[in-house]
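Topology and contacts: notes
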Amino acid sequence: MIDSIFVERDVLDHPVSQKVINRLKNADVFEIERYQEMFNRRQQNFRIQKQNPALILAKKYDNFVLPAPSGFGIDAQKNYYFSHMYNCIYDCRYCFLQGMYSSANYVLFVNYEDFFKEITDVIAENTNDSITFFSGYDCDSLAFEKITGFAEQAVEFFSNFNSVELELRTKSIVSDTLLKRSPISNCIVAYSLSPSNVASILDHKAPSVERRINALKLLAKNGWPVGLRFDPLIYCSDWKKIYSELFCQIFSDINVARVHSVSHGPLRYPKDMYKKISSLYPDDKLFSFPMEAKDGIVSYGKEIEEEMSLFLQSELEKYTTKNKIFRCLV
Amino acid sequence: MIELPTRPSFDLKVCWVIALEPEARPIIDELDLRRYANKLNFPVYFNPENGHALVISGIGPAKAAAAATCLKMLLNVESYVGWINLGIAGFYSQPIGKLYQAIKVYDTAGKKSYFPGVRLSKILKCQTLHTVSQPEMAYLETVLFDMEASGFCEMAPTFSCNELVFVLKIVSDTPDHPVRLVSKETISQLIYQNMEKLKEIILVIEKLVKEEKKRLFISEEVFRYFDTFHFTQSNRHRFLQAYRKWKSAFPSRKLTSTLAGGNSASELISSLENELLIASKNWKLS
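Each residue is numbered by its place in its chain's sequence as written, counting from 1. Throughout, the order in which chains and ligands are written sets their labels, letters from A for the former and numbers from 1 for the latter. For this predicted model, a pLDDT threshold of at least 70 governs which residues receive local features, and a threshold of 80 or more governs which side-chain atom pairs are given and counted, while totals over whole chains, interfaces and linings are taken from all residues. The side-chain numbers reported here are obtained from all heavy atoms of the structure, hydrogens and water having been left aside.

Brief notes about the overall build of chain A
To be explicit about the condition: Helix and strand definitions here come from DSSP, where helices need a minimum of 4 consecutive H or I residues and strands a minimum of 2 consecutive E residues; each element is numbered from the N-terminal end. In this treatment the radius of gyration is a C-alpha quantity, and the globule benchmark scales as 2.2 Å times the residue count to the 0.38 power. Relative accessibility under 20% of the residue-type maximum defines a buried residue, over 50% an exposed one, and the middle range a partly exposed one, all with a 1.4 Å probe and only protein chains included. The contact definition used throughout considers only heavy atoms, calling two residues in contact when any of these lie within 4.5 Å. All accessible-area figures derive from a Shrake-Rupley calculation using a 1.4 Å probe, and residue coverage is judged against the displayed protein chains alone.
Broken down by element type, chain A carries 13 helices and 18 strands. Taking 20 Å as the expected radius of gyration for a compact globule of 330 residues, we find that chain A reaches 20 Å, a close match to that expectation. Counting only C-alpha atoms, chain A reaches 55 × 45 × 35 Å along its principal axes. Expressed as a percentage of the 330 residues in chain A, the buried residues total 61%. For chain A, the share of sequence-separated contacts (at least 6 apart) that also reach a separation of at least 24 residues comes to 76%. Total accessible area computed for chain A in this model is approximately 13,400 Å², and 48% of it derives from carbon and sulfur atoms.

Structure (structure tokens):
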């Protein structure tokens, strides 16, 4: 799968680097000074690089934990996110990472201990507020778990802080890390979902929606709080029908009490990001839709967004309570 | 010798930058490249039928950069074209004749690293390469040594993109077989003996080039409208954007039928946008 690992000289001997290198025994290892030498440089071509991404093992020095953008959250007073990794093994056509970076290589920050230290500090500074930490903003939280072991450590770490929530956002069906241990009530395993015919067209290299639903049901059965994330909402001629069918499929045979939260959000991009992503895939029908550009944001437009949002809200209320449903507006 | 058309009408796919004539000769023969008569400092060869062009740079990174630039300017090379620097290299160990892709190129003089090319690891092994200013005699590091690649890597990605720039090196000298024993004939021989693998690599690169060309392609029918109507720079851009979306939504439709009634750039753009808007009511993702 990964044939080349580039390692910053400073973290070559870090235990996480050594573990990763051992897990990818067949990969060639190359030393580098800093990951920025080869990541997100000018003249890089995301689309071509995505055909064979390398793994870069690096050290992060600052900004381990950042405030989540406003409009992103599930009811906590304060929302933060952290990214132990940049980029994702999946290739979802709508993913904002394609427009964020010019490089498709995966960067893994191996100094997990520094993330946990800063999370501890943030928790200590906010003892009177409810807080949610989001993992999986710049990557998928579980897709690379067999290699990185990050989620395992994060869940163990958060088991010591019952009053704050951790969201692991994923499309991965690799949930062994979670299933092999007892669940913790403050870790939400949130699945990104779309109707299966939408996902089969747009979610390249990701597990099918059916398999994701099976995985989330299994986690719920094992006592894990699960999240359902319909973000971005994709517009097409029969969207009402296919989203209704999707909800029916998800909510059959699941203990609704285990559904921690449901959120939905529209497809939106900052203008420059949209320009960059759509130029990577000019033939893709996702980008040939006559989108609306307003106030620097490209979207389906207010009318479609509102219609979809209202419909989803009313459909979801058939299965779960209002207070568990959130509209994401980043 | 053949004459270069005033406006290149051939479909260039790959540009080769090679330091020495004995390194270039097997490629010139294999790809049936013909010498282009010019008065430039760098000998240029090309074959308009298969879309390959080659320049012989001479030794050193500056010459490699200059030769690549010369080829780019001379043939007006498009941004989807692949670039290959092929040559011999020193290595700390045997076997002589082994072909590597250099995926990290370190310029020892400038202390700068480059990471060219999408890795072709299914076909050949990858290695680090140091570009040095004098032939390497000590081979103290476990890397390849050459004298051109860093200059090539500095320039070629600006003509195309980093992922379409490839550095391929064949081991010619090692501590057991120092560089002074490498003859011109041996150099050509080393390239010839890797020809099958090189042909495999060429096929992969040509495929990447084809995909990138398709991504950047602007149909001739668009240019006909640019020639016929007055477009401001901004309208030109809007028309192109609208056209790309429209073509993706209606691949079989012809511009002439959609734009039959248009009398100005703005009207043409509106016509395309309106068709998309009408189609959006019943939008299909594939």
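Quick look at the interface of chain A and chain B
Note the following rule: Reported buried area values correspond to the accessible surface (1.4 Å probe) lost by two parts on association, with both partners' losses combined. A pairing counts as a salt bridge when a side-chain nitrogen of Lys or Arg comes within 4 Å of a carboxyl oxygen of Asp or Glu. For this analysis, a polar contact is any N or O atom pair within 3.5 Å, provided that within protein one partner can donate a hydrogen and the other can accept it, and provided that sequence-adjacent residues contribute only side-chain to side-chain pairs.
With 40 residues of chain A at the contact, the number on the chain B side is 36 residues. Roughly 3,400 Å² of surface becomes buried between chain A and chain B when both sides are summed, with 55% attributable to carbon and sulfur atoms. Counting the surface chain A buries against chain B, the share from its top three residues, Gln43(A), Ile48(A) and Lys285(A), is 20%. The interface formed by chain A and chain B contains 3 salt bridges. When the shortest N-O distance is used, the salt bridge between Arg119(B) and Asp3(A) registers 2.2 Å. Here chain A is connected to chain B by 23 residue pairs in polar contact (both at pLDDT 80 or more). For the side of chain A that touches chain B, the secondary-structure elements that each account for two or more residues are strand E1 (4-8), strand E2 (28-32), helix H2 (46-49), helix H8 (196-202), helix H11 (271-280) and helix H12 (285-288) of chain A.

Here we look at the sheet that holds strand E17 (residues 297-299) of chain A
What holds strands together in a sheet is hydrogen bonding between their backbones, with the strands either parallel or antiparallel. All names here are of chain A. Formally: Strand pairing is assigned whenever DSSP detects at least two bridges linking the two strands. Lines fitted to the C-alpha atoms define the axes, with helices restricted to the stretch that makes contact. Angles between their N-to-C directions range from 0 to 180 degrees.
The strand order across the open sheet built from 3 strands is E15-E17-E16, with neighbouring strands paired in antiparallel fashion. One side of each edge strand has no neighbouring strand; the edge strands of this open sheet are strand E15 (268-270) and strand E16 (292-294). The mean inter-strand angle of the sheet, taken between neighbouring strand axes irrespective of direction, is 25°. As defined by bridge partners, E16 adjoins E17 across 3 bridges and the pair is classed as antiparallel.

Some details on the domain arrangement of chain B
Quite often, the size of an interface is put as the accessible area lost when its parts meet. Worth spelling out the cut-off: In this document the domain limits rely on a domain assignment from an automatic tool or a database.
For chain B, the assigned domains are domain 1 (14-216) and domain 2 (220-280). The C-alpha centroid of domain 2 of chain B is placed 42 Å from the C-alpha centroid of domain 1 of chain B.

Some points on the pattern of salt bridges
Within the structure shown, the criterion is met by 33 salt bridges over all chains. In this structure, Asp121(A) engages Lys117(A) in a salt bridge whose closest nitrogen and oxygen atoms are separated by 3.3 Å. One end of the pair, Asp121(A), and the other, Lys117(A), are both in helix H4 (residues 112-125), 4 residues apart, so they sit about a helical turn from each other. One salt bridge in this structure joins Glu221(B) and Lys247(B), with 3.7 Å as the shortest N-O distance. With Glu221(B) in helix H6 (residues 220-228) and Lys247(B) in helix H7 (residues 233-249), this residue pair connects regions lying 26 residues apart in the sequence. Since its relative accessible area comes to 23%, Lys247(B) is described here as partly exposed. Linked by salt bridges that have partners in common, Arg9(A), Glu31(A) and Glu33(A) make up one network.

Some thoughts on the packing of aromatic side chains
Residue and element names in this part refer to chain A. To keep things clear, this is the line we draw: In this scheme Phe, Tyr and Trp rings, the latter by its six-membered ring, pair at centre separations within 6.5 Å, and the angle between planes marks the pair as stacked below 30 degrees, edge-to-face above 60, and tilted otherwise.
Overall, the coordinates contain 48 aromatic pairs over all chains when judged by the stated rule. For the ring pair Tyr35 and Phe109, a centre distance of 5.4 Å and an interplane angle of 80° mean the geometry is edge-to-face. Placement of the pair is Tyr35 in the loop between E2 and H2 and Phe109 in strand E8 (residues 106-109), with a sequence separation of 74 residues. Pair check on accessibility: Tyr35 and Phe109 agree, each one buried.

Remarks on the side chain of Asn194(B)
Residue and element names in this part refer to chain B. Tracing the sequence through the fold places Asn194 in the loop between helix H4 (184-192) and helix H5 (195-216). On the basis of relative accessible area, Asn194 is assigned to the buried category, the value being 8%. One polar contact links the side chain of Asn194 to the main-chain carbonyl oxygen of Leu190, over a distance of 3.0 Å. For Asn194, the contacting residues outside a window of four places in its chain are Gly97, Leu99 and Ile170.

Looking at H6(B)
All names here are of chain B. Operational definition: The directions from the helix axis to the C-beta atoms are what the arc is built from.
All buried positions along H6 are accounted for by Glu221, Val222, Tyr225 and Phe226. Projection of H6 onto a plane perpendicular to its axis shows the buried side chains occupying an angular sector of 150°, all on one side. More than 90 degrees from the buried face of H6, the exposed residues found are Glu220, Asp227 and Thr228. Summarising the contacts, the buried residues of H6 are in contact with H7, helix H8 (255-258) and helix H9 (265-280). Where H6 starts, the residue carrying a side-chain oxygen 3.1 Å from the main-chain nitrogen of Glu221 turns out to be Ser219.

With respect to empty space enclosed by the protein
Rolled over the atoms, a probe sized like a water molecule indicates the empty space that remains. Selection rule: The definitions used throughout rest on a 1 Å grid laid over the protein atoms alone, on which a cavity is an enclosed set of points accommodating a 1.4 Å probe that cannot get out and a pocket is an open set flanked by protein within 12 Å on both sides along at least five of seven lines; lining residues are those having an atom within 4 Å of a point. Grid points are joined across faces, edges and corners, and a volume is the space filled by probe spheres set on the points. Note on residue categories: nonpolar means Ala, Val, Leu, Ile, Met, Phe, Trp, Tyr, Cys or Pro, charged means Asp, Glu, Lys or Arg, and polar means any other residue, Gly included.
Summed over the entire model, instances satisfying the criterion amount to 4 cavities of 30 Å³ or more. Considering the residues around the largest cavity, the lining is formed by 15 residues, among which Gln49(A), Asn105(A), Phe115(B), Gly117(B) and Arg119(B) are closest to the centre. Here the residues of the lining of the largest cavity sort into 7 nonpolar, 6 polar and 2 charged. Residue lining of the second largest cavity: Leu233(A), His264(A), Pro266(A), Tyr300(A), Glu305(A), Met308(A), Ser309(A) and Arg327(A), and that is the complete set. For the lining of the second largest cavity, the secondary-structure elements that each account for two or more residues are strand E14 (259-266) and helix H13 (302-316) of chain A. For the lining of the second largest cavity, the element with the most residues is H13(A), which contributes 3 residues.

Things to note about the pairing of strand E9 (residues 131-135) of chain A
All names here are of chain A. Burial within E9 is extensive, with 5 of its 5 residues counted as buried. Burial along E9 is two-sided: the residues Ile131, Phe133 and Ser135 and Thr132 and Phe134 are all buried. As judged from the 5 bridges shared by E9 and strand E10 (residues 164-170), these two strands associate in the parallel manner. Pairing of Ile131 across the sheet is with Val164, part of E10.

Observations regarding the sheet that holds E14(A)
All names here are of chain A. An order of E4-E5-E9-E10-E11-E13-E14-E18 is seen for the 8 strands of this open sheet, with the pairing classed as mixed. Since the sheet does not close on itself, it has two edges, and those belong to strand E4 (66-67) and strand E18 (325-327), each with one partner. Where H4 meets the sheet, its contacts fall on strand E5 (78-82), E9 and E10, and the angle it forms with E9 comes to roughly 160°. Lying over the sheet, H13 contacts strand E13 (226-233), E14 and E18, oriented at roughly 165° with respect to E14.

As for the pairing of E14(A)
Residue and element names in this part refer to chain A. Let me state the cut-off plainly: Seen with the strands pointing away from the viewer, any crossover whose path from the first strand over the helix to the second strand runs clockwise is right-handed.
Buried residues dominate E14, accounting for 7 of its 8 residues. As paired strands, E13 and E14 are joined by 6 bridges and run parallel to one another. Following the sheet pairing, Phe230 is matched in E14 by His264. As for the winding sense of the linkage, the β-α-β connection from E13 through helix H10 (residues 239-251) to E14 is right-handed.

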